[in-house]
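Reading the structure
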Amino acid sequence: MVKPLLDNYPILLVSPDVRSSVMGVAKSLEQSQLLGGFVTTFATKTTDPIDGLAGFFTKPFRGRQIPDWLWAKTHLHPYRELARLISSKTIPSEISKDRIWEWAETGFDRSVAQKWAGKFPIIYGCEHASVETFSKQKQRGGRNILWQVIAHHQTSYRLNQRALEECPEAQTAYAMHAFQTASRVNGRKDRQYADADLIIANSPFVRDSFIAAGVSHEKVISVPTGCPEVSLDACARRPSGPRIFLCAGNQCVRKGVHHLLQAWKLVKPSPEIAQLWLVGKMELPAKLLENLPRSIVIKPPVSKADLQTIFKRVHTLVLPTLCEGRAHVILEALASGLPVITTPNSGCSDVVLDGINGVLVLPFDSEGLACAIEKMIALSEKSLYEMSQMSLDRAKRWTINDFAQTHNWQIGQFVKKNK
């Protein structure tokens, strides 16, 4: 075994990106003084905008900033990820993009395994991105922790397969490609699950999916991601006028957006009564978007700041997702005082309480979703406002800080056990 670099800071966090949930883990580990370093692909602390032609090519890199509070040294393995980010702007084929993603991620994993495995007592990695790293870390006598932000692949595959069987119009070339490559990708995931000494799921839904797949309940624990800080103006009443339902994020089959369109057609509200805003990258095939009611508004992806502005304008978030880890957009909506319509598969059934601050419906249930929408349209202004206040209350009950404290305790127990 290679001698660890830092006995007092025993954990090396490894992630190909700097998404908010990964940064939540990093912040928690720093607070507990356990983080010895952070390894990622490409990141910067520069937030200055770049305009013109340079801005076109560097736009994919924005959102890759390392927070100022991260004091642990950051190590970059950028080259393949830079190629992937540039190709995301220049290559139209989703299948080609997926192949480049796999090439970039497996290359990052191989590079990290060669340089970092065995250098720290514990490596804390993300699904599919640390397969070889975990294997070599185990060979050198180290321990592995996996941060898991999506349901076990058996659950995901089963739900996606059912969705495409029930909605054959959604069987795009990319969807078929995903099924064809699933065996190879999921095989890598299984290797990483086997080499993980501890799997931390970001919701009870994710944890349950692993136990259903045969993973020992002692190996996988749930530490749900916390809600963002409640905004100061979140208590304000929503604008009068038509009730606006927001579905934000990638508009795809996995998110249940095709069921949402079916449900909306069953409700048939006029635009003066209610509207459905679909905000984000549209991934549904064109045939599912034909003859949509006038009350459905399709909008392109927006920035985080613009999404916060939209939250203040709409009345309800609706996300009838088929499979998630823990839908971050729901946590953001709760912190903005929005009631939520979603499914238990969102990973948020602990913060969205049926009839209290939203409605829980079963996945694949367009009729049940239509009933939930009708219920929210029929609510009085007073009842809608009370639901909004309950959403704020739920957001305050489980925050980012609550996640950090619980996560710290769980990691501390693991470190003590494995000294």
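This text gives an overview of the structure that appears in the document. (Residues numbered from 1 in each chain as written. Predicted model: local features only at pLDDT ≥ 70, side-chain atom pairs only at ≥ 80, totals over all residues. Heavy atoms only, no water.)

Digging into the overall build of the chain
For clarity, the threshold we go by: A helix here means a DSSP run of H or I that spans at least four residues, while a strand means a run of E at least two residues long, and both kinds are numbered starting from the N terminus. As defined in this context, the radius of gyration uses C-alpha atoms, and a globule is described by 2.2 Å times the residue total to the power 0.38. Burial classes follow relative accessibility: with a 1.4 Å probe on protein chains only, a residue under 20% of its type's maximum area counts as buried, one over 50% as exposed, and anything between as partly exposed. Note on contacts: a residue pair is in contact if any heavy atoms of the two residues lie within 4.5 Å. All accessible areas in this document rest on Shrake-Rupley with a 1.4 Å probe, and a residue is counted as covered only by the protein chains that are shown. Residues counted as positive are Lys and Arg, residues counted as negative are Asp and Glu, and His and the chain ends are not counted. Think of each charge as sitting on NZ of Lys, CZ of Arg, CG of Asp or CD of Glu.
Scanning the chain from terminus to terminus reveals 14 helices and 13 strands. Relative to the globule expectation of 22 Å for 419 residues, the C-alpha radius of gyration of the chain, 22 Å, shows essentially globular dimensions. By its C-alpha atoms, the chain is 70 × 50 × 45 Å across when sized along the principal axes. Per-residue burial over the chain gives 54% buried out of 419 residues. Nonlocal contacts in the chain, meaning residues at least 24 apart in sequence, comprise 67% of its contacts between residues at least 6 apart. If you sum the accessible surface of the chain, you get close to 19000 Å²; carbon and sulfur atoms cover 53% of it. Positive and negative charge centroids in the chain, built from 51 and 39 side chains respectively, lie 4 Å apart.

Description of the nonpolar core
We count it as follows: Here, the term nonpolar core denotes a set of buried Ala, Val, Leu, Ile, Met, Phe, Trp, Tyr and Cys residues that are joined through side-chain atoms within 4.5 Å.
F245, L246, I330, I341 and I373 are the most contacted members of the largest nonpolar core, which totals 65 residues. Here F245 is in contact with W264, A274, Q275, L276, W277, T316, V318, I341, I373, M376 and I377, once residues within four sequence places are set aside. Judged by nonpolar contacts, the second largest core, of 28 residues, contains L13, A72, I122 and L198.

Description of the state of the cysteines
The following threshold applies: Count a disulfide wherever a pair of cysteine sulfur atoms falls within 2.5 Å.
Within this structure, the stated rule accounts for 0 disulfides. Unpaired in terms of disulfides, C252 finds its nearest cysteine sulfur in C247, a separation of 8.8 Å. A relative accessible area of 11% places C252 in the buried class. C348 carries a free sulfur, and the closest cysteine sulfur to it, the one in C227, is 7.6 Å from it.

Quick look at the sheet that holds strand β3 (residues 74–76)
Counted only if it meets this: Pairing between strands is defined by DSSP: at least two bridges between them are needed. For helices, the axis comes from a line fit to the C-alpha atoms of the stretch in contact; other axes are also lines fit to C-alpha atoms, and the angle between any two N-to-C directions lies between 0 and 180 degrees.
The sheet built from 7 strands is open, its strands ordered β3-β2-β1-β4-β5-β6-β7 with parallel pairing. Edge positions in the open sheet fall to β3 and β7 (220–222), since each of these has one partner strand only. On average, each strand axis in the sheet is inclined to that of its neighbour by 20°, with strand direction left out of account. Note that strand β4 (residues 122–126) and strand β5 (residues 143–148) share 5 bridges and pair parallel. Along β5, the bridge assignment pairs I122 with R143. Running at roughly 155° to β5, helix α5 (residues 131–139) makes contact with β4 and β5 of the sheet.

Description of the sheet that holds strand β12 (residues 340–342)
Sheet strands line up and pair through hydrogen bonds in the backbone, either parallel or antiparallel. The parallel open sheet is built from 6 strands, whose spatial order is β10-β9-β8-β11-β12-β13. Of all strands in the sheet, those with a lone pairing partner are β10 (296–299) and β13 (358–360), marking the two edges. Taken pair by pair, the neighbouring strands of this sheet meet at an average axis angle of 20°, ignoring direction. Pairing analysis gives 6 bridges linking strand β8 (residues 243–248) to strand β9 (residues 274–279), with the strands arranged parallel. Within β9, the residue paired with A248 across the bridge is V279. Where helix α9 (residues 257–267) meets the sheet, its contacts fall on β8, β9, β10 and β11 (316–319), and the angle it forms with β9 comes to roughly 165°.

Some thoughts on the pattern of salt bridges
The condition that has to hold: For salt bridges, the criterion is a side-chain nitrogen of Lys or Arg within 4 Å of an Asp or Glu carboxyl oxygen.
According to the stated counting rule, one finds 17 salt bridges in the structure shown. The residue K255 makes a salt bridge to E324 at a minimum N-O spacing of 2.8 Å. Of the two residues, K255 sits in the loop between β8 and α9 while E324 sits in the loop between β11 and α11 (328–335), which places them 69 residues apart along the sequence. For the pair K255 and E324, one class covers both residues: buried. Linking K382 and E386 is a salt bridge whose minimum nitrogen-to-oxygen distance equals 2.5 Å. With a gap of 4 residues between them, K382 and E386 both fall in helix α13 (residues 381–397), about one helical turn apart. By relative accessible area, which is 39% here, E386 ends up partly exposed.

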